[in-house]
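# Examining the three-dimensional arrangement
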Amino acid sequence: MDCRGINPELVDEDIPDLRAVEKILALKKERNAVILAHNYQSPEIQFVADYVGDTLSLSMIARDAEQPVIVFCGPDFMVETAKILAPHKTVLYANDKAKCPMAAMITPEELRTLKKNHPYAKVVGYINTTAECKCEMDVCCASANAVKIVRSLEAEEVIFVPDQNLGDYVRKMVPEKTILIWSGFCSVHNMIQKQDVLSLAQVHPAARIIVHPECKPEVVEMADMVLSTGGMITLAASSKDREFIVATELEVVNRMVEDNPDKEFYAVEKAYCRTQKKVKLENVLNTLETLSPAVSLARDVIDKARLPIERMLAAGRADLATAEVKHDT
Ligand code: 13P
């Protein structure tokens, strides 16, 4: 989609504040900025973004972007990861109040204690962590490559933090290793119950069940496929199947509905990420006008955290997706 000419139909229906959209698009050019948006962002934010994707895709795009300014519409840990990968760029939070609760569920001190108690274990940390925690990791991972990364390690013992559900999924997929799992969780995925999916499956028995690995083990067990949000969006478009029960954040399902009018998608309606929805058009506009708030991390944190993140990127995707390019930038 090329946003230099705004489709008036789309704007009338989906974009509540056309003036803000126009200003954002003009300022983006003036500032030589690129706008990145995670798949949970609301439709109007996805509309002004240059790239929309999952955490792994957006990290790669942040690293490789030509523009000197990145405006990141996503939670704190994604924005900080972009800064670590592109320290010479100005990396801006679209809204610095969008803080992922899971990323605060383990502290660097807690991780250091774990490492002390398990000196032979390798530390694999989910990207949903603070920059300071990433400094303590051997390798970082995303939902799109967690299994691949843990499987590839030579160590027999692995510390996996902080998501207990993703950790459980990895443990089942890599049974040859001893995996110590922290007790963090994503409150959005964790609220999806087995009964929610069962109820949908009773009404739609032909539907394929696709589940994010941050869901509880009993929900993951019901899945035909376990995928990152990007992997789900790609699967929905490419699959020959026509009906899907989708256990992840609601915006991802809304996207599938919009992209695939010939297919049916059934969502767990309560799975709504209030944190990411804190990013509004007015925040993006304000960020572009003021070039703030910018990510500011200590040089030694950037230097230490970069290696585990680069190892994550080097591992690549182990599922289906790449970020969708929304606009010519
Ligand atoms: P992905 O979009 O990478 O699947 O992860 C979802 C998530 O953790 C959002 O915080």
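A brief structural summary. Everything quoted here is computed from the prediction, not taken from an experiment.

### Some remarks on the sheet that holds strand β10 (residues 225-226)
Strands sit in the order β10-β9-β11-β12 across an open sheet of four strands; the sheet is parallel. Two strands close off the open sheet at either side, each with one partner strand: β10 and β12 (264-267). With four bridges joining them, strand β11 (residues 243-247) and β12 adopt parallel strand pairing. Residue pairing in the sheet places V246 in a bridge with A267 of β12.

### Structural notes on unusual backbone geometry
Between V161 and P162 the backbone carries a cis peptide bond, its omega angle lying at -15°. In this structure, P162 sits in the loop between β7 (157-161) and α9 (164-173). Between S292 and the following residue, P293, the backbone shows a cis peptide bond with an omega angle of 0°. Looking at the secondary structure, you find P293 in the loop between α15 (281-290) and α16 (299-315). At N32, a position not held by glycine, the phi torsion is positive, near 55°. Mapped onto the elements, N32 comes out in the loop between α2 (18-30) and β1 (33-38). Positioned with a positive phi, L291 is a non-glycine residue whose angle comes to about 50°. In this structure, L291 sits in the loop between α15 and α16. Under the relative-accessibility criterion, L291 is labelled partly exposed at 33%.

### With respect to the side chain of N283
Tracing the backbone shows N283 in helix α15. Engagement of the side chain of N283 in a polar contact is seen with the backbone nitrogen of K280, the distance being 2.8 Å. Once you skip the residues sitting within four places of it in the chain, N283 turns out to touch A94, N95 and K278.

### Considering the state of the cysteines
The full count for this structure, using the stated rule, is zero disulfides. Left without a disulfide partner, C133 is nearest to the cysteine sulfur of C135, which lies 8.8 Å away. C186 forms no disulfide, and the closest cysteine sulfur to it belongs to C273, at a distance of 6.7 Å. Its relative accessible area of 11% is what places C186 among the buried residues.

### Concerning the nonpolar core
One broad rule of soluble globular proteins: the nonpolar side chains tend to lie buried together. Among the nonpolar cores identified, the biggest contains 96 residues, and L36, V124, F160, V170 and M312 are the most heavily contacted of them. Sorting elements by how many residues they give to this core places α16 first, with seven residues. For L36, the contacting residues outside a window of four places in its chain are Y51, L58, I61, A62, I70, V71, F72 and C73. Counting 24 residues, the second largest nonpolar core, distinct from the first, contains A37, A49, C73 and L92.

### Remarks on the pairing of strand β4 (residues 90-93)
Relative to β4, strand β3 (residues 69-73) runs parallel, the two sharing four bridges. Residue pairing for β4: V69 is matched across the bridge by T90. With respect to chirality, the unit in which β3 leads through helix α5 (residues 76-85) into the neighbouring parallel β4 is right-handed.

### Re the pattern of salt bridges
Scanning the entire structure with this criterion turns up 15 salt bridges. With a shortest N-O distance of 2.8 Å, R112 and E136 are connected by a salt bridge. Of the two residues, R112 sits in helix α6 (residues 108-117) while E136 sits in the loop between α7 (131-134) and β6 (139-141), which places them 24 residues apart along the sequence. Given the relative accessible area of 39%, R112 is considered partly exposed. Using a relative accessible area of 11% as the deciding quantity, one classes E136 as buried. Here D168 and K172 are joined by a salt bridge, their closest N and O atoms 2.7 Å apart. Taken together, the residues D168 and K172, both in helix α9 and four residues apart, mark about one turn of the helix. Salt bridges linked by common partners bring E109, R112, K115 and E136 together as one network.

Cut-off values and rules
- Residues numbered from 1 in each chain as written.
- Predicted model: local features only at pLDDT ≥ 70, side-chain atom pairs only at ≥ 80, totals over all residues.
- Heavy atoms only, no water.
- Pairing = 2+ DSSP bridges.
- Helix = DSSP H or I, 4+ residues; strand = E, 2+ residues; numbered from the N terminus.
- Buried < 20%, exposed > 50% of the residue type's maximum accessible area, 1.4 Å probe, protein only.
- Polar contact = N/O pair within 3.5 Å; in protein donor to acceptor, adjacent residues only side chain to side chain.
- Contact = heavy atoms within 4.5 Å.
- Disulfide = S-S within 2.5 Å.
- Core = buried A, V, L, I, M, F, W, Y, C linked by side-chain atoms within 4.5 Å.
- Right-handed = clockwise from strand over helix to strand, strands pointing away.
- Salt bridge = Lys/Arg side-chain N within 4 Å of Asp/Glu carboxyl O.

Shape is all these values report; function is a separate question.
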